[in-house]
Structures are given as C-alpha cells and as structure tokens.
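Remarks on the overall topology
Residue-level listing of the chains:
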Amino acid sequence: MNCDRHPEREGVASCIICGRILCEECRLKLGGKNYCERCADKLFRERVESGEEKRKGMGLGVKILIAILIILGILAVLSYLIYSVYLAPYYGSPENVLRILMNDPERIIRFLGTRIST
Ligand SMILES: [Zn+2]
Ligand SMILES: [Zn+2]
C-alpha cells in the first residue's frame with residue numbers, strides 16, 4: 001500500500017482514526033499512535049475548544065458568585081437603612097431589634113407596615 005497523498009511513496013503506517021495510509025512524511029506520531037495530519041489537527045482543535053469551554057464555565061461561576069455578593073451587600077445596606085430610619089428611633093440598639101426579631105418577628109413586620117404606609 002502506498003501513501004494516500006503521495007502515491008509514489010510507500011506507506012509505513014495508517015491513521016488510527018480515518019485509516020488513511022501514511023508515508024514517513026505524512027505520519028504524525030502522537031502518544032505512540034499514528035495520525036494523519038487532518039485527524040491530528042481536528043483532535044487538537046477539539047481539545048483546545050473543550051479547554052476554552054471549561055474556562056468560560058469557570059468565568060460564569062465567578063460572575064454568579066459576584067452577583068450573589070452584590071445582592072447580599074444590597075440586602076445588608078437595605079436592612080441597615082430600614083433599621084436606622086424606622087427601627088432605631090423606636091427600638092434603640094441593633095441588639096434589641098435583633099432580639100425582638102428572633103422572638104417576635106411579626107411585631108417588627110407589623111410595625112414596619114404601619115410606619116412605611118403612613
Ligand atoms: Zn486520519
Ligand atoms: Zn505521504
């Protein structure tokens with residue numbers, strides 16, 4: 001059998017993916033296996049693309065984490081604002097408000113409801 005691309009040359013190996021006969025020049029030996037140029041190229045590109053996808057996935061995870069942190073920050077600021085505007089003049093220290101919130105959260109919610117609506 002002669003090389004698929006060079007009919008005048010003798011084939012020394014065949015591609016393990018497409019089975020094409022390869023001469024010494026056309027043969028690409030990767031990890032002890034013979035590939036033609038086209039299959040090796042395809043294999044390499046697939047590997048690079050899957051690597052890029054993995055990196056993109058990591059980027060998304062980091063973005064979601066940042067979004068959660070921003071939301072938590074906004075919630076913290078909001079609850080602090082609600083506390084200092086509505087609750088602090090009435091209930092005093094944050095420890096006191098927290099204690100009431102633990103024992104009787106409805107009281108705070110009702111109080112806030114009347115305060116915000118009026
Ligand atoms: Zn091939
Ligand atoms: Zn060849």
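All figures in this text were calculated on a predicted structure; none of them were measured in a lab.

With respect to the overall build of the protein chain
Counting its secondary structure elements, the protein chain contains three helices and four strands. Of the regular secondary structure in the protein chain, the N- to C-terminal order runs β-β-β-β-α-α-α. Its C-alpha atoms give the protein chain a radius of gyration of 34 Å, clearly above 13 Å, the size a compact globule of 118 residues would have. Oriented by its inertia axes, the alpha-carbon framework of the protein chain measures out at about 95 × 25 × 20 Å.

Thoughts on the UniProt feature "transmembrane region" (unreviewed entry) in the protein chain
When the UniProt feature table is mapped to this numbering, "transmembrane region" (unreviewed entry) covers residues 64–86. Along residues 64–86 the backbone is 100% helical and 0% strand, and the end-to-end C-alpha distance reaches 32 Å.

A few points about helix H3 (residues 105–117)
Taking 1.5 Å of rise per residue, 13 residues should cover 18 Å, and H3 covers 18 Å from first to last C-alpha, within 8% of that figure. Little of H3 sits out of view: just zero of its 13 residues are buried.

A look at the environment of Asn2
Residue placement: Asn2 occurs in the segment before strand S1 (13–14). For Asn2 and Ser14, which are twelve residues apart along the polypeptide, the C-alpha to C-alpha distance reads 10 Å.

Comments concerning the environment of Glu8
As for its position among the elements, Glu8 is in the segment before S1. In this structure the C-alpha to C-alpha distance between Glu8 and Glu49, which are 41 residues apart in sequence, comes to 37 Å.

A word on the nonpolar core
Most often, soluble globular proteins have nonpolar side chains that are buried together. Membership of the largest hydrophobic core is limited to seven residues, which are Cys3, Cys15, Ile21, Leu22, Cys26, Tyr35 and Cys36. Apart from residues lying up to four places away in sequence, Cys15 is in contact with Arg20, Leu22, Asn34, Tyr35, Cys36 and Cys39.

Quick look at the confidence of the model for the protein chain
For the protein chain, the average pLDDT comes to 88, and 97% of its residues sit at 70 or higher. Confidence, read as mean pLDDT per element, is least for H3 in the protein chain (83) and greatest for strand S2 (residues 21–22) (96).

Definitions and limits used
Residues numbered from 1 in each chain as written. Chains lettered and ligands numbered in written order. Predicted model: local features only at pLDDT ≥ 70, side-chain atom pairs only at ≥ 80, totals over all residues. Helix = DSSP H or I, 4+ residues; strand = E, 2+ residues; numbered from the N terminus. Rg over C-alpha atoms; globule rule 2.2 N^0.38 Å. UniProt positions renumbered as here; feature names shortened; annotations may be inferred. Expected span 1.5 Å × (residues − 1). Buried ≥ 20, exposed ≤ 12 C-beta atoms within 10 Å, placed from the backbone. Core = buried A, V, L, I, M, F, W, Y, C linked by C-beta atoms within 7 Å. Contact = placed C-beta atoms within 7 Å. pLDDT = per-residue confidence, 0-100.

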